[in-house]
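This is what each chain is made of:
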Amino acid sequence: MKSYKIALIKGDGIGPEIIDEATKVLDAVASACELHFEYEELLMGGIAYDITGNPLPQETITKSLTSDAVLFGAIGGQKWDTLDRELRPESGLLRFRKELGVYANLRPAVVYEELINASSLKPEIIKGVDIMVVRELIGGIYFGEPKGRTKDKGWNTMVYTREEIVRIAHQAFRIAQTRDKRVVSIDKANVLDVSQLWRDVVTEISEQYPDVELTHMYVDNAAMQLVLNPKQFDVMLTGNIFGDILSDEASMLCGSIGLLPSASVGEKIGVYEPIHGSAPDIAGQGIANPIATISSASMMLRYALGEKEAANKIDNAIKRALKEGYRTQDLAQFDAKEVCSTSEMGSIIANYTTK
Ligand code: IPM
Ligand code: MG
């Protein structure tokens, strides 16, 4: 029996509820596939600040780095919004990504056939959408210096080095090779020098991937094209902030942000997390959609642990639950046969992984 050490970071808001459903499903699939998961809970975010005075305790970094993979819920909430910036939950998350070196954030936006009516766009526009946003995660304006704030002025700097662009470009091209072999690189090269460097370096790297078609698109146009004709995209390669924005937009093609998983990977370890936030307004009510997190657990099995069969079982179980009309509150008005709670949805999916 294969055993894996999983670092669990539940975080704030709905984080604990959705992670509990993901481990429920992981344990079910473990028994079906003769695997064993050993979990270690680590602190990050507002809860870490409340307990230790630090949104990212050193122990969380050290223990994450010695695990096989990290499964992460969500962090943040109004309660901590007035703290000094470096004490805020979000700063903990950014430092965490940096310390773990997870420079590539993979955010698939795939439309579930069963939820074709849940999108705000017309079914014929979104049917068959299958996009992978490859977002650079530990550079760009999120981390650039100088940055600062006085009473009447605030500033941040968007910086990319050749090396940072090279490694994320390789990721995007390699992923495209396993898909439809098309990369659209997103930038604002008509205005920003940092984007012109991005465009030049991506073009250079593309020469090593003659089987992949590369095109470039300005970020404002990309935002428009995503709702006009999303099927034109296969892999979207973006810097940090453009990917943050466009991946939220892409998620809405799929009906609910509560459905979409993500993987953040680098040389050392992978972090698997839903793309939605901590949703403090619905925390503790048992109405959050656990599918994004369960689906992140499936990505973890597939990419970090190489457990394809187990990952397929989870993906199929999710599809089956949706097909049979089980819906959490966020999707209640779309062909629901039965509206279920967070934990009921987890149990249904867990049950289907074993059948
Ligand atoms: C995300 C989130 C984070 C980000 C926040 C919470 C710091 O929006 O993962 O997309 O901006 O990267
Ligand atoms: Mg975001």
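Calculation rules
- Residues numbered from 1 in each chain as written.
- Chains lettered and ligands numbered in written order.
- Predicted model: local features only at pLDDT ≥ 70, side-chain atom pairs only at ≥ 80, totals over all residues.
- Heavy atoms only, no water.
- Helix = DSSP H or I, 4+ residues; strand = E, 2+ residues; numbered from the N terminus.
- Rg over C-alpha atoms; globule rule 2.2 N^0.38 Å.
- Buried < 20%, exposed > 50% of the residue type's maximum accessible area, 1.4 Å probe, protein only.
- Contact = heavy atoms within 4.5 Å.
- Phe/Tyr/Trp six-rings, centres within 6.5 Å; stacked < 30°, edge-to-face > 60°.
- Near = heavy atom within 4 Å.
- Polar contact = N/O pair within 3.5 Å; in protein donor to acceptor, adjacent residues only side chain to side chain.
- Areas by Shrake-Rupley, 256 points an atom, 1.4 Å probe, with all protein chains shown as cover.
- 1 Å grid on protein atoms, 1.4 Å probe; cavity = no way out; pocket = protein on both sides within 12 Å on 5 of 7 lines; lining within 4 Å.
- Sits in = over half its atoms within 2 Å of the grid points.
- Nonpolar A, V, L, I, M, F, W, Y, C, P; charged D, E, K, R; others polar.
- Points joined across faces, edges and corners; volume = space filled by probe spheres on them.
- Expected span 1.5 Å × (residues − 1).
- Pairing = 2+ DSSP bridges.
- Axes fitted to C-alpha atoms, helices over the stretch in contact; angles between N-to-C directions.
- Domains from an automatic or database assignment.
- Buried area = accessible area lost by both parts, 1.4 Å probe.
- Salt bridge = Lys/Arg side-chain N within 4 Å of Asp/Glu carboxyl O.
- Parallel < 35°, antiparallel > 145°, perpendicular 65-115°, else oblique.
- Left-handed = near helix turned anticlockwise from the far one by under 90°.

## Regarding the overall build of the chain
Here is step 1 of the chain: A tally of regular secondary structure across the chain gives 12 helices and 14 strands.
Here is step 2 of the chain: Here the C-alpha atoms of the chain give a radius of gyration of 20 Å, agreeing with the 20 Å that 2.2 N^0.38 yields for 355 residues.
Here is step 3 of the chain: By its C-alpha atoms, the chain is 55 × 50 × 40 Å across when sized along the principal axes.
Here is step 4 of the chain: Within the chain, buried positions represent 54% of all 355 residues.

## Considering the side chain of His170
Here is step 1 of the chain: In this fold, His170 is placed in helix 6 (residues 162-177).
Here is step 2 of the chain: Contacts of His170, omitting those with residues within four sequence positions, involve Ile205, Gln208 and Tyr209.

## Concerning the packing of aromatic side chains
Here is step 1 of the chain: Per the stated rule, a full pass over the model turns up 4 aromatic pairs.
Here is step 2 of the chain: Between the aromatic rings of Tyr4 and Phe37, the centroid separation amounts to 6.2 Å while the plane-to-plane angle is 25 degrees, which identifies the pairing as stacked. Of this pair, Tyr4 sits in strand 1 (residues 2-11) while Phe37 sits in strand 2 (residues 35-41), placing them 33 residues apart in sequence. No difference in accessibility class separates Tyr4 from Phe37, as the two residues are buried.
Here is step 3 of the chain: Residues Phe173 and Tyr209 carry aromatic rings whose centres are separated by 5.1 Å and whose planes lie at 15 degrees to one another, so their mutual orientation is stacked. With Phe173 in helix 6 and Tyr209 in the loop between helix 7 (193-206) and strand 9 (213-218), this residue pair connects regions lying 36 residues apart in the sequence.
Here is step 4 of the chain: Relative accessible area serves as the criterion here: at 0%, Phe173 is assigned to the buried category.
Here is step 5 of the chain: Taking relative accessible area as the criterion, Tyr209 reaches 7% and is therefore assigned buried.

## Thoughts on the site of ligand 1
Here is step 1 of the chain: Around ligand 1 sit Glu90, Arg97, Arg107, Arg135, Tyr142 and Asp244, and those are all the residues in its vicinity.
Here is step 2 of the chain: One nitrogen or oxygen atom from the side chain of Arg107 is found 2.9 Å from an oxygen atom belonging to ligand 1.
Here is step 3 of the chain: Within the side chain of Asp244, an N or O atom sits 2.9 Å from an oxygen atom of ligand 1.
Here is step 4 of the chain: About the coverage of ligand 1: the protein hides 76% of its 320 Å² of free accessible area.
Here is step 5 of the chain: Of all the cavities here, the one that holds ligand 1 is the largest pocket.
Here is step 6 of the chain: Its residues assigned to classes, the shell around ligand 1 shows 1 nonpolar, no polar and 5 charged.

## Some details on empty space enclosed by the protein
Here is step 1 of the chain: Enumeration over the complete set of coordinates arrives at 1 cavity of 30 Å³ or more.
Here is step 2 of the chain: If you go around the largest cavity, you meet 13 residues; those closest to its centre are Met158, Tyr160, Ser195, Gly239 and Phe242.
Here is step 3 of the chain: When residues of the lining of the largest cavity are traced back to their parent elements, those giving at least two are strand 8 (182-187), helix 7 and helix 9 (240-253).
Here is step 4 of the chain: Its residues assigned to classes, the lining of the largest cavity comprises 8 nonpolar, 4 polar and 1 charged.

## Brief notes about helix 12 (residues 342-353)
Here is step 1 of the chain: If you check helix 12, its first and last C-alpha atoms are 17 Å apart, about what 12 residues at 1.5 Å a residue would give, namely 16 Å.
Here is step 2 of the chain: Within helix 12, burial applies to Thr342, Met345, Gly346, Ile348, Ile349, Ala350, Tyr352 and Thr353.
Here is step 3 of the chain: Contacts made by the buried residues of helix 12 are with helix 1 (15-33), helix 10 (291-304), helix 11 (308-323) and strand 13 (326-327).

## Side note on the sheet that holds strand 11 (residues 261-265)
Here is step 1 of the chain: Read from one edge to the other, the open sheet built from 10 strands follows the order 2-1-3-12-11-4-5-10-8-9, with strand pairing classed as mixed. At either margin of the open sheet sits one strand with a lone partner, and together these are strand 2 and strand 9. Across the sheet, the mean angle separating the axes of adjacent strands is 25 degrees when strand polarity is ignored.
Here is step 2 of the chain: Two elements, strand 1 and strand 3 (residues 69-74), share 5 bridges in a ladder whose sense is parallel. Residue pairing across strands places Leu8 opposite Leu71, the latter belonging to strand 3.

## Here's the deal with the domain arrangement of the chain
Here is step 1 of the chain: Considered domain by domain, the chain is made up of domain 1 (1-110 + 256-355) and domain 2 (120-254).
Here is step 2 of the chain: Relative placement of domain 1 and domain 2: their C-alpha centres are 24 Å apart.
Here is step 3 of the chain: Looking only at domain 1, the three residues that lose the most surface to domain 2 are Tyr103, Arg107 and Ala109, adding up to 33% of its buried area.
Here is step 4 of the chain: Counting across the interface, domain 1 meets domain 2 through 0 salt bridges.
Here is step 5 of the chain: Scanning the region where domain 1 abuts domain 2 turns up 7 residue pairs in polar contact (both at pLDDT 80 or more).
Here is step 6 of the chain: Elements supplying a minimum of two residues to the side of domain 1 that touches domain 2: helix 4 (89-100), strand 4 (104-110) and strand 11.
Here is step 7 of the chain: Element by element, the count of residues in the side of domain 1 that touches domain 2 is highest for strand 4, at 7 residues.

## With respect to the packing of helix 6 against helix 7
A pair of packed helices can be characterised by two numbers: the angle between their axes and the separation between those axes.
Here is step 1 of the chain: Two numbers describe how helix 6 lies on helix 7: the axes approach to 9 Å, and their chain directions differ by 50 degrees. Taken together, helix 6 and helix 7 sit at an angle that is classed as oblique. Crossing of helix 6 over helix 7 shows right-handed handedness. Residue-level contacts link Arg162, Ile165, Val166, Ile168, Ala169, His170 and Phe173 of helix 6 to Leu197, Trp198, Val201, Val202, Glu204, Ile205 and Ser206 of helix 7.
Here is step 2 of the chain: Here the contact of helix 6 with helix 7 is composed, by residue class, of 10 nonpolar, 2 polar and 2 charged.

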